[in-house]
Amino acid sequence: SNPPYMEIQEGLQNVTEQKAISRHELTVGLETLFQTAHDLLKPGGSFYMIHRPSRMVDIFCVARSFRMEPKEMQFIHPSAQKKPNLMLIRFSKHGRKELKLLDPLYVYNETGGYTDQIVAIYKGVHMDVFENTAGDSK
């Protein structure tokens, strides 16, 4: 899921309705998202989400209220010198409490090009996005 990142009252809303809906929780919020995931998944089923680190506490609180336990999380950094601006999270329906924090994913290397892992993802090379590969340039 790639839900809207901002709450309704957060930031400026775009005047274009489609863009406003895609960026702000106007039609779907975290509660609706997790309720739907809970309803659709079997016990032990996985739900994946990309979101902003600034919403981590909100996300975890809502997820647990629907018995969706965060199991793996990976921060995405624009580069090794910058703070993460996105995070990938895998939730498990009715999962046990244990969160595994994975190695960060860096988008750009020191020369400004894509890292090896990002190139592999864009080329469609089969790899688990939640695992860093050996030889990934940072």
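Before going into details, it helps to say that this report is about the structure given with it. Just so we're clear, the structure is a prediction, and the values are computed from it rather than from any experiment.

All right, on to the overall build of the protein then. Each helix and strand counted, the protein has four helices and five strands in total. Counting from the amino terminus, helix and strand elements in the protein follow one another as α-α-β-α-β-β-β-β-α. Looking at the protein as a whole, 39% of its 138 residues qualify as buried. Here the contacts in the protein between residues at least 6 apart in sequence split such that 59% fall between residues at least 24 apart. Within the structure as shown, the protein displays about 8500 Å² of accessible surface, and the carbon and sulfur contribution to it stands at 54%.

On to the nonpolar core, then. Ranked by size, the top nonpolar core spans 17 residues in total, and within it Phe34, Phe47, Met49, Ile59, Met68, Ile89 and Phe91 carry the most contacts. Counting residues per element, the ones that place at least two in this core are helix H2 (30-40), strand E1 (46-51), helix H3 (56-65), strand E2 (68-79) and strand E3 (86-93). Listed in part, the seven residues of the second largest apolar core include Ile76, Leu88, Val107 and Ile118.

The subject of this paragraph is the packing of H2 against H3. It is at 9 Å that the axes of H2 and H3 come closest, and there the two elements cross at 40 degrees. The angle between H2 and H3 places the two elements in the oblique class. With respect to the hand of their crossing, H2 and H3 are arranged in right-handed fashion. Contact residues: H2 offers Leu30, Glu31 and Phe34, while H3 offers Asp58, Ile59, Val62 and Ala63. For the contact of H2 with H3, the per-class residue count stands at five nonpolar, no polar and two charged.

Time to look at H3. Listing the buried residues of H3 in full gives Ile59, Phe60, Val62 and Ala63. Remark: Arg67 follows H3 within two positions and exhibits a positive phi of approximately 60 degrees.

Procedures and definitions
Residues numbered from 1 in each chain as written. Predicted model: local features only at pLDDT ≥ 70, side-chain atom pairs only at ≥ 80, totals over all residues. Heavy atoms only, no water. Helix = DSSP H or I, 4+ residues; strand = E, 2+ residues; numbered from the N terminus. Buried < 20%, exposed > 50% of the residue type's maximum accessible area, 1.4 Å probe, protein only. Contact = heavy atoms within 4.5 Å. Areas by Shrake-Rupley, 256 points an atom, 1.4 Å probe, with all protein chains shown as cover. Core = buried A, V, L, I, M, F, W, Y, C linked by side-chain atoms within 4.5 Å. Axes fitted to C-alpha atoms, helices over the stretch in contact; angles between N-to-C directions. Parallel < 35°, antiparallel > 145°, perpendicular 65-115°, else oblique. Left-handed = near helix turned anticlockwise from the far one by under 90°. Nonpolar A, V, L, I, M, F, W, Y, C, P; charged D, E, K, R; others polar.

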